[in-house]
Amino acid sequence: MNEMITGSEALMRALRDEGVKTIFGYPGGAIMPVYDALYDYTRGEKKAFEHILVRHEQSAVHAAEGFARVNGEVGVCLVTSGPGATNTLTGVADAMMDSTPIVVIAGQVGVSGLGTDAFQEVDLVGVSQPISKWSYQIRRAEDVAWAISRAFYIARSGRPGPVVIDFLKNAQVEKTEWKPNPVDFIRSYVPYPKIDDDCVRKAAELINQAKRPLALVGQGVELGNAHRELLDFLEKADIPAGRTMLGLSALASDHPLNVGMLGMHGNYAPNVKEQECDVLIAIGMRFSDRVTGNTKTYARQAKVIHLDIDKAEIDKNVKTDVAVIGDCKVTLPAITRLLQKGDHREWRESFAAPAQKEWEKVVMPAIHPSEGPLLMGEVVNAVAEATRGEAVLVTDVGQNQMFACRYFKYKHHRSVVSSGGLGTMGFGLPAAIGAVFGAPERTVCMFTGDGGLQMSIQEFGTIMEQQTPVKMVLLNNNYLGNVRQWQDMFFSRRKSFTRMLNPKYGTICSAYGISYRRVADREELGEAINEMLTTDGPFLLECVIREEDNVLPMTPPGMSVDEMLLDIDC
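Quick look at the structure, then. (Residues numbered from 1 in each chain as written. Predicted model: local features only at pLDDT ≥ 70, side-chain atom pairs only at ≥ 80, totals over all residues. Heavy atoms only, no water.)

Two elements in contact, helix H17 (residues 376-387) and helix H24 (residues 522-534), have axes separated by 10 Å at closest approach and are oriented at 45 degrees. Considering their axes alone, H17 and H24 lie oblique with respect to each other. As for how H17 packs across H24, the hand of that crossing is right-handed. Across from Glu 378, Val 379, Ala 382, Val 383, Ala 386 and Thr 387 in H17, the residues of H24 making contact are Arg 522, Leu 525, Ile 529 and Leu 533. A per-class count over the contact of H17 with H24 returns seven nonpolar, one polar and two charged. (Axes fitted to C-alpha atoms, helices over the stretch in contact; angles between N-to-C directions. Helix = DSSP H or I, 4+ residues; strand = E, 2+ residues; numbered from the N terminus. Parallel < 35°, antiparallel > 145°, perpendicular 65-115°, else oblique. Left-handed = near helix turned anticlockwise from the far one by under 90°. Contact = heavy atoms within 4.5 Å. Nonpolar A, V, L, I, M, F, W, Y, C, P; charged D, E, K, R; others polar.)

Let us look at the layout of surface pockets. Taken as a whole, the second largest pocket spans an internal volume of roughly 670 Å³. Elements with a minimum of two residues in the lining of the second largest pocket: strand E11 (258-261), helix H12 (268-273), helix H15 (345-349), helix H16 (352-367), H17 and helix H18 (399-407). (1 Å grid on protein atoms, 1.4 Å probe; cavity = no way out; pocket = protein on both sides within 12 Å on 5 of 7 lines; lining within 4 Å. Points joined across faces, edges and corners; volume = space filled by probe spheres on them.)

Before going further, it helps to examine helix H9 (residues 197-209). Taking 1.5 Å of rise per residue, the 13 residues of H9 would be expected to cover 18 Å, and the 18 Å separating its terminal C-alpha atoms lies within 8% of that figure. Every buried residue of H9 is accounted for by Cys 199, Val 200, Ala 203, Ala 204, Leu 206 and Ile 207. Down the axis, H9 shows its buried residues gathered within 160 degrees of arc, on one side only. Seen from the buried face of H9, the exposed residues on the opposite side, beyond 90 degrees, are Asp 197 and Gln 209. Here the buried face of H9 lies against helix H11 (227-237), strand E12 (279-283), strand E13 (303-308), strand E14 (322-325) and helix H14 (328-336). Its side-chain oxygen placed 2.9 Å from the backbone nitrogen of Asp 198, Asp 196 serves as the N-cap of H9. (Expected span 1.5 Å × (residues − 1). Buried < 20%, exposed > 50% of the residue type's maximum accessible area, 1.4 Å probe, protein only. Arc of directions from axis to C-beta. Polar contact = N/O pair within 3.5 Å; in protein donor to acceptor, adjacent residues only side chain to side chain.)

Bringing the sheet that holds strand E15 (residues 392-395) into the picture now. The parallel open sheet is built from six strands, whose spatial order is E16-E15-E17-E18-E20-E19. In the strand order of this sheet, the two ends are held by strand E16 (416-417) and strand E19 (515-519), each with one partner. When strand E17 (residues 444-449) meets strand E18 (residues 471-476), the two strands line up parallel, connected through five bridges. Bridge pairing links Gly 449 to Leu 475 in E18. (Pairing = 2+ DSSP bridges.)

Turning our eyes to something else, we now look at the state of the cysteines. In this structure the tally under the stated criterion is zero disulfides. You can see Cys 445 has no disulfide; the closest cysteine sulfur is in Cys 543, sitting 12 Å from it. Residue class for Cys 445 comes out buried when judged on its relative accessible area of 0%. Here Cys 509 stays unpaired: no disulfide links it, and the sulfur of Cys 543, its closest cysteine neighbor, is 13 Å away. Residue classification places Cys 509 among the buried residues on the basis of a relative accessible area of 0%. (Disulfide = S-S within 2.5 Å.)

Attention now goes to the pairing of strand E9 (residues 213-217). Working note: regular strand, side chains alternate between the two faces of the sheet. Counting buried residues in E9 gives five out of five residues, a clear majority hidden from the surface. Burial along E9 is two-sided: the face carrying Pro 213, Ala 215 and Val 217 and the face carrying Leu 214 and Leu 216 are both buried. By the bridge criterion, five bridges tie E9 to E12 in an arrangement that is parallel. Residue Val 217 lies in a different strand from E12, and its bridge partner there is Ile 283.

Before going further, it helps to examine the pairing of E17. Burial of E17 is extensive: six of the six residues sit out of reach of the surface. The two faces of E17 match: Val 444, Met 446 and Thr 448 on one face and Cys 445, Phe 447 and Gly 449 on the other face are all buried. Pairing between E15 and E17: four bridges, direction parallel. Paired with Leu 393 across the strands is Cys 445, a residue of E17.

With that settled, consider empty space enclosed by the protein. Enumeration over the complete set of coordinates arrives at one cavity of 30 Å³ or more. In this structure, the largest cavity spans a volume of roughly 50 Å³. If you trace the largest cavity, you find it lined by Arg 69, Gln 219, Glu 222, Leu 223, Leu 246, Ser 249, Arg 414, Ser 415 and Val 416. The class makeup of the residues in the lining of the largest cavity is three nonpolar, three polar and three charged.

It is characteristic of soluble globular proteins that their nonpolar side chains tend to be buried jointly. If you look at the biggest cluster of nonpolar residues, it comprises 46 residues, and the most contacted ones within it are Phe 408, Phe 447, Leu 475 and Cys 543. Leave out the neighbours within four places in its chain, and Cys 543 touches Leu 374, Val 379, Val 473, Leu 474, Leu 475, Asn 476, Val 519 and Leu 525. Within the second largest apolar cluster, 45 residues are counted, among which are Ala 60, Ala 439, Val 444 and Met 446. (Core = buried A, V, L, I, M, F, W, Y, C linked by side-chain atoms within 4.5 Å.)

Looking now at the sheet that holds E11. Taken in spatial order, the six strands of this open sheet run E11-E10-E9-E12-E13-E14, and their pairing is parallel. One side of each edge strand has no neighbouring strand; the edge strands of this open sheet are E11 and E14. Mean inter-strand twist for the sheet, computed between neighbouring axes without regard to direction, equals 20 degrees. Where E13 meets E14, four bridges bridge the pair, whose relative direction is parallel. In the sheet register, Leu 307 faces E14, and the bridge partner there is Val 324.

Contact pair H11 / H14: the axes reach a minimum separation of 9 Å and the direction vectors enclose 25 degrees. Taken as axis vectors, H11 and H14 run roughly parallel relative to one another. Here the hand of the crossing between H11 and H14 comes out left-handed. Contacts from Glu 229, Leu 230, Asp 232, Phe 233 and Lys 236 of H11 reach H14 at Lys 329, Leu 332, Pro 333, Ile 335 and Thr 336. Its residues placed into classes, the contact of H11 with H14 shows five nonpolar, one polar and four charged.

This model, assessed by the stated rule, comprises 14 aromatic pairs. Seen in terms of ring centroids, Tyr 41 and Phe 49 are 6.0 Å apart; in terms of plane orientation they differ by 25 degrees. Their pairing is stacked. The rings of Phe 24, Phe 67 and Phe 437 are connected pair by pair, giving a single aromatic cluster. When the ring centre of Tyr 39 is taken as origin, the NZ or CZ atom of Arg 43, which lies over that ring, is 3.8 Å away. Above the ring of Tyr 479, the side-chain terminus of Arg 499 is found at 5.3 Å from the ring centroid. (Phe/Tyr/Trp six-rings, centres within 6.5 Å; stacked < 30°, edge-to-face > 60°. Lys NZ or Arg CZ within 6 Å of the ring centre and 35° of its normal.)

As structure tokens, this is what we get:
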């Protein structure tokens with residue numbers, strides 16, 4: 001007979017067997033037996049995990065997301081029942097929208113208390129099912145090994161996503177015979193569809209016949225670790241490539257086939273050229289409304305090839321002519337083998353004119369202003385130049401996000417951590433903490449606005465305790481800037497509750513032992529950035545920004561992508 005152990009001890013062993021090294025969490029009553037078992041696994045001979053005590057459960061999930069996004073491993077967080085569990089739901093929904101592999105393990109009342117409105121009882125499986133890849137309740141200690149292995153298998157395989165485990169208290173304390181139960185097959189779950197050779201052939205034929213092909217590169221390339229396969233495909237067929245926001249680092253910023261960022265605040269050239277291409281190849285992206293603009297007018301002239309691992313994304317937003325369903329690490333080389341060597345020089349060179357137009361009207365004024373207050377674009381550009389494409393970019397949500405993604409530079413894969421589909425304010429700070437633990441060898445630069453920072457500013461406590469060397473850049477314009485821009489453009493400049501009264505961030509940083517500098521003069525910016533990057537440990541650089549700085553270009557909602565505005569006359 002095998003060794004008899006508690007369900008909590010079984011959880012520790014199951015997590016260890018999955019290769020978990022880092023856990024983000026917050027203890028409470030219904031998860032205390034697990035935390036008691038965790039005590040031995042964070043010290044001494046049994047040490048297997050590093051536990052990061054966050055200051056809010058939502059931050060635990062965002063930190064797990066940041067961890068997973070930079071290293072491709074499954075992020076893990078551990079919380080209690082009731083409000084501890086419900087506090088994680090925003091992060092679970094965020095991970096679901098952005099296909100981030102995480103496992104959330106929450107305590108729950110004992111089986112006898114289920115359905116009685118016991119203290120801190122919430123139907124976690126019920127509320128999390130619509131926003132998770134899988135949600136399961138462990139009622140017996142003997143099910144722990146199987147459930148955890150299944151959770152990790154589902155979270156990391158196929159199209160990744162969040163899994164929620166509801167761990168009843170009686171199952172945490174009951175004894176069970178320890179026996180690993182690895183799961184690598186689920187009858188009803190097919191994470192990697194069989195490739196349809198006929199679809200591959202049709203896709204290759206369309207690409208070979210194309211005169212004006214354009215690739216749209218999404219985060220699926222990052223998730224599938226298909227960076228080399230993407231380069232082989234693009235370079236053989238000589239296809240220019242635009243990138244979605246979450247797919248930005250799938251292709252190096254300086255690659256000659258990289259024509260910029262797609263979407264509402266993306267680059268002018270790829271957005272305009274989407275309306276001129278004859279074949280559109282979408283690779284690991286879902287045709288978000290922020291990319292397509294008005295779908296009734298989107299790329300109507302083009303044949304559309306869609307490569308995606310998730311069949312549900314095919315024809316959901318944009319009608320596809322050829323769908324190649326499968327892991328792009330497999331489907332890309334399958335298509336590439338059938339491609340002729342392409343030469344689309346004239347088509348590629350046609351991107352130069354709209355790119356130059358954007359450079360003159362938008363980029364130069366944004367990153368090299370001659371006078372006036374600091375601008376968000378110039379701060380981001382200055383940090384990008386100082387880090388020379390080597391850093392991980394983490395953003396919060398809003399104008400800071402758009403400016404950061406537009407003007408940061410990327411040399412390495414998995415270098416962008418941002419809340420894309422859900423657009424979660426407060427994401428940036430905890431995600432940056434997670435990114436540091438996920439990629440400790442890299443510099444992590446986090447850009448945030450004054451609104452987003454105050455949504456998770458309690459995580460300064462986590463930074464203080466862990467001495468997490470996050471380089472935080474606060475773009476402070478005393479506004480909820482993105483909402484203010486829309487109010488100016490679409491609501492007759494009626495700024496309804498978007499102006500913010502800010503605290504003295506230097507005083508707050510002093511209380512948490514975080515290095516801080518405030519800069520308002522352009523002449524000080526370079527020196528301040530150098531101080532931030534060369535200071536050991538965490539640093540907050542507060543940049544005083546022009547209050548009505550606007551993100552451009554912009555495709556107004558409901559408009560076509562080729563109707564991007566290069567200036568705003570409010």
